[in-house]
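Tertiary structure, described
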Amino acid sequence: MENYPFSENSINSSIAFRSLVNATSYPGRTFQINKLNKPSVLSNAAATILITLCDNESNVYLSKEYNTEEVRNWLIFNTGAIISNKKNADFVIGTWKSLLPLNEFKIGVPEYPERSATLIIEETKYKKVKCNIDGPGIKNKLNIDLPNPELFIENNNLYPLGLDFYFTNDLEILSIPRSTKINIIKSEH
Amino acid sequence: MYVAVKGGEVAIDNAHSWMSEIRRGDTSIPNITLDQISEQLTLGVDRVMSEGSLYDKDLAALAIKQSRGDLIEAIFLLRAYRTTLTRFSYSKPVNTANMTCLRRISATFKDIPGGQKLGPTFDYTHRLLDFKLLAENESPISPTKKYNDNKMPHVLSFLNQEDLMQNEKDNNLDPIDITREPISYPTSRSARLQALSRGDEGFLLGLAYSTQRGYARNHAFVGELRIGIVDIELYIPELGFEINVAEIILTECETVNQFQGSKIEPPQFTRGYGLVFGQTERKALAMALIDRALRWKELGEDYSGAPAQDEEFVISHCDNIQATGFLEHIKLPHYVDFQSELELIRKIRADAKVNMKR
Amino acid sequence: MNEMSKNENLDIQIYNFAYLDENTKRMIRRALLKALCIPGYQVPFSSREMPMPYGWGTGGIQVTSACLIPKDVLKVIDQGADDTTNAVSIRKFFQKTANVAVTEKTSDASIIQTRHRIPETKLKEKQILVYQVPIPEPLRFLEPREVETRKMHALSEYGLMYVKLYEDIAKHGHIETAYAYPVKTNGNYVTDPSPIPKFDNPKMNNSPAIQLFGAGREQRIYAIPPYTNVKSLDFEDYPFEAMKANFKCSICGSSDSYLDEIIVSDDGKRSYICSDTDYCKEQTKLNSKKED
């Protein structure tokens, strides 16, 4: 049993999902995830998203750092997910740089905007730009650091189409859905 | 001061225990057994299995007993149970050409290879109440004959040979499963057929009848109706071959319909198709007629605005579990929305009176 | 142990935590997260047949089932009341299948499943309000075809809706919608708030809580995230107006809560009481404290 990602599947998956609901509902705020059994290269937070949401109908794109036998076997064995290319991916996992450019991922269609990719960004070392964000789920404008904020602005301009992002770091998760508006804070020189 | 009435929970418990008592009826009369239901109310069991989308005679019999013979309620019980079952695997498509037929008739040809076979049918019975059935322990016996295992190829395949019958092309796509993915419109024929096969017999009957009376009229000949036993085969990867896991009874109906031809197709006969669990021939016939009516677009026919041609109308309303749930939900309290209507109508009337005086 | 309680224990062992199996929950959970990313947009999901009839809250039940965690405190209301029959039945279902704590107090609940009302007590961050929705498509009664309404949403083509509201005004001087009054969510999608009285509409706007909507029979899930702009449709010269009976509750004396009208005598005499039974109880308590 101890090799399964969650010790008590239905209970732990429900707790994990609640963190995802909270993170998605309150963009830009950090929420905690519990530890689980997972390949060492994945963060707990990223592994939790995949385990909680993927099944044999999910196409997952793994960027090259994550496209290892260990990750693939773990994912397929535990979820039945299909390893896919960028174009068809429902879930995408990688470091920020490895996923650029973003325009190959699906953004949904006007009749079905939900048929779009969810991107899991596994890194904290990207070049940070100070931004403030606004939109659904954000009470007062929040200051956060984002990589290439112009890409998030572009993504928001596609609304209601677009990509939805989760930033993951060890036990932490933060979301930037397509509905979030980004303002770059001009650095004072 | 007003004190609100409480006690919903007790009321529900009491209502349900009363219902159980009534279900059992007079206890001096023996309890009906599931065997009795599955052996003697077979057509009811078949309907529950087909619309419940679960082939299990014992569970269908249990559902019928529990629902006091309300077949839609029994179908609901079976459906709710079905959703909790794990899907181990998908079987190979059944081959109805190899069916061991209990009944097989064609209205289009007098004599057919394999022969016509009337089988256990109500057709040609005189609908006179049979008072002999009042007597208990009747055990009717019918004459027996060795099963004629001549091949019984599909009757329409003979029209195919002359190219008079439209050939159904395999689109090589996996059929849609409407219990796993939500229907989006326009939908595919496979999704439509699944919805119709699970659909309410009464609704399908009425719609099919409407096509016969001129709403999207397309005269249907029963090319073939067959009822019989087919094998369910499962491919086992570890073994590398298929094994027979079950035998089930199916009813299949293929109609032959005229087709005038269109800009894109020369005149040819076309097919309506019905396939239903169990001995369910009224349903299979109705399904075939509606399937054919829904094919207008694919065949380049005119849309006459008939209900049976309207895919979204037919498919969204043929499921009796959805329909009965929503219909019956109006029994639930609606105090709040009714109150808001009350306020609005009072306000509108008051304003209207003021305006009238002016 | 008697026969009945033995059977109830059996039920719990047969079914997964909160009834739905993990695969079904995954499918619903994916739909819920996309719904939160696209406020007000109806995400199709392959709704399951539940052990309750369609139209009796199966959408809300599936959403609640996919969201529940063991330490949740669940409140279920119908018409604002905790003791209406269907609320009792749904609450019992989750007590049995998820063994969660239940409450009637809005402020103690972490998940509230509701039919036809939003509680009077202000909701808080991270509380989840699950709405049971009969017809999720606000344009359905203007255009019955899904193919057409989906196009209208895709193109933000809401002229038909405004024409209907305008015709009401021209005919009656009022918009003739008293409940399920359509809203625009995040400035984009016209959304059905479920059949809540329009009195409740303003509570949806900029709420700190998470609002999730489930329509089981119609196979749709949608969401309004916290702090989202939710505007009831109106015209500049005919602004939206929340509405309630202009009386006081005859139990707690409140004049700011939504009231149900009840007939108290054979000659048709009316009285008014809070539809939100928890709010009424709290107000009564407050009143008695004041009197002390």
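Not measured: the values here are computed from a predicted model.

Calculation criteria
Residues numbered from 1 in each chain as written. Chains lettered and ligands numbered in written order. Predicted model: local features only at pLDDT ≥ 70, side-chain atom pairs only at ≥ 80, totals over all residues. Heavy atoms only, no water. Domains from an automatic or database assignment. Contact = heavy atoms within 4.5 Å. Buried area = accessible area lost by both parts, 1.4 Å probe. Salt bridge = Lys/Arg side-chain N within 4 Å of Asp/Glu carboxyl O. Core = buried A, V, L, I, M, F, W, Y, C linked by side-chain atoms within 4.5 Å. Buried < 20%, exposed > 50% of the residue type's maximum accessible area, 1.4 Å probe, protein only. Helix = DSSP H or I, 4+ residues; strand = E, 2+ residues; numbered from the N terminus. Expected span 1.5 Å × (residues − 1). Polar contact = N/O pair within 3.5 Å; in protein donor to acceptor, adjacent residues only side chain to side chain. Disulfide = S-S within 2.5 Å. Pairing = 2+ DSSP bridges. Axes fitted to C-alpha atoms, helices over the stretch in contact; angles between N-to-C directions. Right-handed = clockwise from strand over helix to strand, strands pointing away. pLDDT = per-residue confidence, 0-100. Parallel < 35°, antiparallel > 145°, perpendicular 65-115°, else oblique. Left-handed = near helix turned anticlockwise from the far one by under 90°. 1 Å grid on protein atoms, 1.4 Å probe; cavity = no way out; pocket = protein on both sides within 12 Å on 5 of 7 lines; lining within 4 Å. Points joined across faces, edges and corners; volume = space filled by probe spheres on them. Nonpolar A, V, L, I, M, F, W, Y, C, P; charged D, E, K, R; others polar.

Residues and elements named next belong to chain C. Taken domain by domain, chain C consists of domain 1 (14-232) and domain 2 (244-292). For domain 1 versus domain 2, the distance between C-alpha centres works out to 26 Å. Facing the 15 residues of domain 1 at the interface are eleven residues of domain 2. Summed over both partners, the interface of domain 1 with domain 2 buries about 1,000 Å², with 46% contributed by carbon and sulfur atoms. Summed over the shared surface of domain 1 and domain 2, the number is one salt bridge.

Another point: the nonpolar core. I173 of chain A together with L32 and L212 of chain C are the most contacted members of the largest nonpolar core, which totals 85 residues. Once residues within four sequence positions are removed from consideration, L212 of chain C is found in contact with L32, L36, V63, C67, I128, L129, V130, Y131, Y222 and A223 of chain C.

Residue and element names in this part refer to chain B. If you check helix α5 (residues 71-82), its first and last C-alpha atoms are 16 Å apart, about what twelve residues at 1.5 Å a residue would give, namely 16 Å. Turning to α5, its buried residues number three or more, namely A74, I75, F76, L78, R79, A80 and R82. Next to the buried residues of α5 lie α3 (42-52), α4 (57-66), α7 (189-198) and α11 (320-328). Regarding α5, its N-cap is D70, as a side-chain oxygen of that residue lies 3.2 Å from the backbone nitrogen of I72 further along.

Every disulfide links exactly two cysteines, by a covalent bond between their sulfur atoms. In total, this model carries zero disulfides over all chains according to the counting rule given. For the unlinked cysteine C131 of chain A, the closest cysteine sulfur is that of C37 of chain C, found at 19 Å. Note on C131 of chain A: relative accessible area 1%, which makes it buried. Note on C280 of chain C: no disulfide assigned, nearest cysteine sulfur contributed by C249 of chain C at a separation of 3.7 Å. Given the relative accessible area of 7%, C280 of chain C is considered buried.

Now for the side chain of D82 of chain C. Residues and elements named next belong to chain C. Residue position: D82 is located in the loop between β2 (73-78) and α4 (85-98). A distance of 3.2 Å separates a polar atom in the side chain of D82 from a polar atom in the side chain of T277. Among all residues touching D82, those that are not within four sequence positions of it are K75, V76, I77, A87, V88, R91, T103, E104, T277 and D278.

Residues and elements named next belong to chain A. Here seven strands make up an open sheet; going across it, the order is β1-β11-β10-β7-β4-β2-β3 and the pairing mixed. In the strand order of this sheet, the two ends are held by β1 (31-32) and β3 (82-83), each with one partner. Most of the contacts of helix α2 (residues 44-53) go to strand β10 (residues 164-169), to which it runs at about 130°, and overall it touches β2 (59-62), β4 (91-94), β7 (118-121), β10 and β11 (172-176).

Attention now goes to the sheet that holds strand β3 (residues 101-102) of chain C. Residues and elements named next belong to chain C. In spatial order, the strands read β1-β9-β8-β5-β4-β2-β3; together these seven strands make up an open sheet with mixed pairing. Both edges of this open sheet fall to β1 (43-44) and β3, since each of them pairs with a single strand only. When strand β5 (residues 128-132) meets strand β8 (residues 210-215), the two strands line up parallel, connected through five bridges. Each bridged residue has a counterpart across the sheet, and for V130 the counterpart in β8 is L212. Those strands touched by α4 are β2, β3, β4 (111-115) and β5, and its axis lies near 155° from that of β2.

Residues and elements named next belong to chain A. Of the two faces of β2, the one carrying N59 and Y61 and the one carrying V60 and L62 are both buried. Tracing the backbone out of β2, into helix α3 (residues 69-79) and back to the parallel element β3 gives a crossover that is right-handed. Here β2 runs beside β4; their pairing, made up of three bridges, is parallel. Across the sheet, the residue bridging to Y61 is V92, located in β4.

This next bit is on the side chain of Q113 of chain C. Residue and element names in this part refer to chain C. Turning to its location among the elements, Q113 is positioned in strand β4. Residue Q113 is classed as buried on the basis of its relative accessible area, which comes to 0%. Here the side chain of Q113 touches T64 through a polar contact of 2.7 Å, side chain to side chain. Here Q113 is in contact with G57, G60, I61, T64, K75, V76, I77, I90, F94, V130 and Q132, once residues within four sequence places are set aside.

The next subject is the interface of chain C and chain B. Every contact between the two is made by 60 residues of chain C and, on the other side, 48 residues of chain B. The interface formed by chain C and chain B includes six salt bridges. The salt bridge partner of E49 of chain C is R79 of chain B, with a shortest N-O separation of 2.4 Å. Between chain C and chain B we count 22 residue pairs in polar contact (both at pLDDT 80 or more) in total. At the level of secondary structure, the elements contributing two or more residues to the side of chain C that touches chain B comprise α4, α5 (146-154), β11 (259-263) and β12 (270-274) of chain C. In terms of residue count, α4 of chain C provides more of the side of chain C that touches chain B than any other element does, five residues in total.

Residue and element names in this part refer to chain A. Of note, the amide linkage connecting L100 to P101 takes the cis form, showing an omega dihedral of -5°. Examined against the element boundaries, P101 turns out to sit in the loop between α4 (96-99) and β5 (107-109). Here the residue pair Y159 and P160 is connected by a cis peptide bond, since its omega of 10° sits within 30 degrees of zero. Checked against the element boundaries, P160 lands in the loop between α5 (149-157) and β10.

Right, let's get into the confidence of the model for chain C. Residue and element names in this part refer to chain C. Residue-level pLDDT values for chain C average 92, and 95% of them are 70 or greater. Considering only residues more than four positions removed or in separate chains, one finds that residues 1-12, a stretch of pLDDT under 50, has four contacts. The complex model carries a pTM of 0.91, and its ipTM stands at 0.96.

Here we take up the packing of helix α3 (residues 58-67) of chain C against α4 of chain C. The relative placement of two packed helices is expressed as an angle between their axes plus a distance between the axes. Residues and elements named next belong to chain C. Running from amino to carboxyl end, α3 crosses α4 at an angle of 30°, the nearest separation of the two axes being 12 Å. Classified by the interaxial angle, the pair formed by α3 and α4 is roughly parallel. In the crossing of α3 with α4, the sense of the turn from one axis to the other is right-handed. Every residue of α4 that contacts α3 at I61, T64 and S65 is listed here: I90, F93 and F94.

Residue and element names in this part refer to chain C. Here the structure, examined in full by the defined rule, presents one cavity of 30 Å³ or more. Considering only enclosed or pocket space, the largest cavity measures out at about 90 Å³ in volume. In this structure, the largest cavity is lined by G40, Y41, Q42, E137, E146, T149, R150, H153, Y189 and R220. A total of four residues in the lining of the largest cavity trace back to one element, the largest contributor, which is α5. For the lining of the largest cavity, a count of residues per class yields two nonpolar, four polar and four charged.

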